[in-house]
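# Examination of the molecular architecture
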Amino acid sequence: MRVLVIGSGAREHALLLALRRDPEVGELFSAPGNAGTARIAEQHPVNVVDGADVTALARKLDVDLVVIGPEVPLVLGVADAVRAAGIACFGPSAAAARIEGSKAFAKEVMAAAGVRTAHSEIVDTPALLDAALDRFGPHWVVKDDGLAAGKGVVVTRDWDVARVHAASLLEDGHPVLLESYLDGPEVSLFCLVDGTTVVPLLPAQDAKRVGDGDIGPNTGGMGAYAPLPWVPEALVRQLVEETVKPVAAELVRRGCGFSGLLYAGFALGAEGPAVVEFNCRFGDPETQAVLALLRTPLAGLLHATATGTLTEDCRLEWAGGAAVTVVLAAENYPGKPRIGDVLTGTDADGVLHAGTELRADGAVVSAGGRVLSVVGTGVDLAAAREDAYRRLAQVHLPGGHHRSDIAARAVAGEITIPGA
Ligand code: GLY
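Overview of the structure. The shown structure was predicted, so the numbers you read here are calculated from the model rather than taken from an experiment.

### Let's talk about the overall build of the protein chain
- Along the protein chain, the regular secondary structure elements total 13 helices and 23 strands.
- Its C-alpha radius of gyration of 20 Å places the protein chain within 12% of the 22 Å reference for a compact globule of 420 residues.
- Expressed along its principal axes, the backbone C-alpha trace of the protein chain runs to roughly 55 × 50 × 45 Å.
- A buried classification covers 56% of the 420 residues belonging to the protein chain.
- For the protein chain, the exposed surface amounts to about 16,500 Å²; the carbon and sulfur share of it is 51%.

### Overview of the pairing of strand β17 (residues 272-279)
- The element β17 is largely enclosed, with a buried count of six among its eight residues.
- Here strand β16 (residues 259-269) folds back onto β17 in antiparallel fashion, the turn holding two residues.

### Side note on the side chain of Glu121
- Take Glu121: it is sitting in strand β6 (residues 120-123).
- One polar contact links Glu121 to Arg135, side chain to side chain, over a distance of 2.8 Å.
- When near neighbours in sequence (up to four residues on either side) are disregarded, Glu121 contacts Ala132, Arg135, Phe136, Val176, Leu177 and Leu178.

### Structural notes on the pattern of salt bridges
- What the rule picks out here adds up to 26 salt bridges.
- The partner of Asp206 in a salt bridge is Lys208, and the shortest N-O contact between them spans 3.1 Å.
- What emerges from the salt-bridge pattern is a single network uniting Glu108, Glu250, Arg253 and Arg254.

### Considerations on the site of the ligand
- Taken together, Asp206, Gly220, Tyr263, Asn279, Arg281, Gly283, Asp284, Pro285 and Glu286 make up the full set of residues near the ligand.
- Asp206 is positioned with one of its side-chain polar atoms (N or O) 2.7 Å from a nitrogen atom of the ligand.
- In this structure, a nitrogen atom belonging to the ligand sits 3.5 Å away from a side-chain N or O atom of Tyr263.
- Contact with the protein chains covers 89% of the free accessible surface of the ligand, which is 200 Å².

### As for the packing of helix α5 (residues 94-101) against helix α6 (residues 103-113)
- Interhelical geometry of α5 versus α6 gives an angle of 100° and a closest axis separation of 6 Å. Of the possible angle classes, the one that applies to α5 and α6 is roughly perpendicular. Mapping the contact onto sequence places Ala95, Arg98, Ile99 and Gly101 in α5 and Lys103, Phe105, Ala106 and Val109 in α6.
- Of the residues in the contact of α5 with α6, the class split is five nonpolar, one polar and two charged.

### What to know about the nonpolar core
- If you look at the biggest cluster of nonpolar residues, it comprises 79 residues, and the most contacted ones within it are Leu4, Val66, Trp230 and Val247.
- Take this core: its biggest share by element is eight residues, from helix α9 (residues 233-253).
- When sequence neighbours within four positions are dropped, the list of residues in contact with Leu4 reads Phe29, Ser30, Ala31, Leu57, Ala58, Leu61, Val63, Leu65, Val66 and Val67.
- Membership of the second largest hydrophobic core comes to 44 residues, among which are Leu201, Ala204, Leu294 and Ala323.

### Describing unusual backbone geometry
- Cis geometry marks the peptide bond from Ala31 to Pro32, where omega comes out at -5°.
- For the bond from Asp284 to Pro285, the omega torsion is 20°, close enough to zero to count as cis.
- Its location among the elements puts Pro285 in the loop between β17 and α10 (286-293).
- The phi torsion at Ala407 lies on the positive side, around 70°, for a residue other than glycine.
- Positionally, Ala407 belongs in the loop between α12 (381-392) and α13 (408-411).
- The exposure class of Ala407 is buried, given its relative accessible area of 5%.

### Some words on the sheet that holds strand β5 (residues 89-90)
- Here five strands make up an open sheet; going across it, the order is β3-β2-β1-β4-β5 and the pairing parallel. The two strands at the open ends of the sheet, each matched to only one other strand, are β3 (42-43) and β5.
- For strand β4 (residues 65-68) and β5, the ladder comprises two bridges, and the chain directions are parallel. In the strand pairing of β5, Val66 is matched with Cys89.
- In the packing of helix α1 (residues 10-20) onto the sheet, contacts are made with β1 (3-7), β2 (28-32) and β4, and the angle to β1 comes to roughly 165°.
- Packed on one face of the sheet, helix α11 (residues 298-306) meets β4 and β5 and runs near 95° to β4.

### Details of the pairing of β1
- Of all five residues making up β1, five are buried, and the element is well covered by its neighbours.
- As defined by bridge partners, β1 adjoins β4 across four bridges and the pair is classed as parallel. The partner of Leu4 across the bridge, within β4, is Val66.
- Bridge count for β1 against β2 is five bridges, and the pairing is parallel. Bridge assignment links Leu4 to a residue of β2, and that residue is Phe29.
- Note that the unit made of β1, α1 and β2 has a crossover that is right-handed.

Analysis parameters
Residues numbered from 1 in each chain as written. Predicted model: local features only at pLDDT ≥ 70, side-chain atom pairs only at ≥ 80, totals over all residues. Heavy atoms only, no water. Helix = DSSP H or I, 4+ residues; strand = E, 2+ residues; numbered from the N terminus. Rg over C-alpha atoms; globule rule 2.2 N^0.38 Å. Buried < 20%, exposed > 50% of the residue type's maximum accessible area, 1.4 Å probe, protein only. Areas by Shrake-Rupley, 256 points an atom, 1.4 Å probe, with all protein chains shown as cover. Pairing = 2+ DSSP bridges. Polar contact = N/O pair within 3.5 Å; in protein donor to acceptor, adjacent residues only side chain to side chain. Contact = heavy atoms within 4.5 Å. Salt bridge = Lys/Arg side-chain N within 4 Å of Asp/Glu carboxyl O. Near = heavy atom within 4 Å. Axes fitted to C-alpha atoms, helices over the stretch in contact; angles between N-to-C directions. Parallel < 35°, antiparallel > 145°, perpendicular 65-115°, else oblique. Nonpolar A, V, L, I, M, F, W, Y, C, P; charged D, E, K, R; others polar. Core = buried A, V, L, I, M, F, W, Y, C linked by side-chain atoms within 4.5 Å. Right-handed = clockwise from strand over helix to strand, strands pointing away.

See the structure below:
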């Protein structure tokens, strides 16, 4: 099989590594990729948000499957363009990708599917903002209604902080979604979805705040681990049956059935599981941990999903043990990151590149906020955590920073589901 992966993050690097392990995969292509993916796949430039450009590249490379990693091309209909050219594509249509692209649409679908989620209001007029904020609290959750790479979310106990964020979104012309706060530990559950067929992967948890102890602003994700020792298998089955399947069925009912990876983010609070968000693609950085443990050949799964032949009785095989991924970020991330710094130690196994590029002199330099992820594995979470931080210690980025507590609370047995 000839496979083209679209995107340039550590998630795409993880997808390429997992595809490389699949004996059915012959040629592997990455576009536009980064300095790390160039080492394992033939790299091509592409405008990822231009359906015609992606399709032309897929045709030129004569691929059997296109895998679209990031949400923006999906929301803009790039998968539709590729499929219209008769090429199998892993990734939902623009209509189905609204589950991530419009939080208002996601809320509507969840309400129709009878799925529990936060109470919310959309505010699109500055004059209505203060009164709307007064209807929420004592925790305010303020989100950009559109795509914001995880950084459009502010969760705060401070009315003024909530107001400043909401007002700045409105000033930039973005409607604001105010939500009631959902308590409880969060779970990211990735499911392969083909219409009403749902196949869950291992549950994972990511760390969204920039600093240790979940302090500081939200980021695209600073680390993750899988599986979750505090989530029993029966609970995963419940989340699939009571949430993911009804939502997949509701999308089919609306004529926009989902085909690809549906990412359900849950908060497991005292009143039971509630959906924090749905995303229309593999999550980053959870994918780096989840795919490190997958033993079922990935290309077959993605191709089956893309061609409508996925079945729920396909039993996924997983390596025993656990995986932990830690993100190395550039100085000043999640603000405007410093770029152009020379990295060392990035050729090692377990180093997945994201914001990196190869300079003309052969040096690997930083080119984005989240620069790379390291992935460690082990017989259990403690061993995987140790392995990840040992690998991270071999990488150097001037001004780089990372969290030092990824998976630490889970290893210490400090995460429990309220009421369980
Ligand atoms: N880990 C958060 C995301 O992928 O959106």
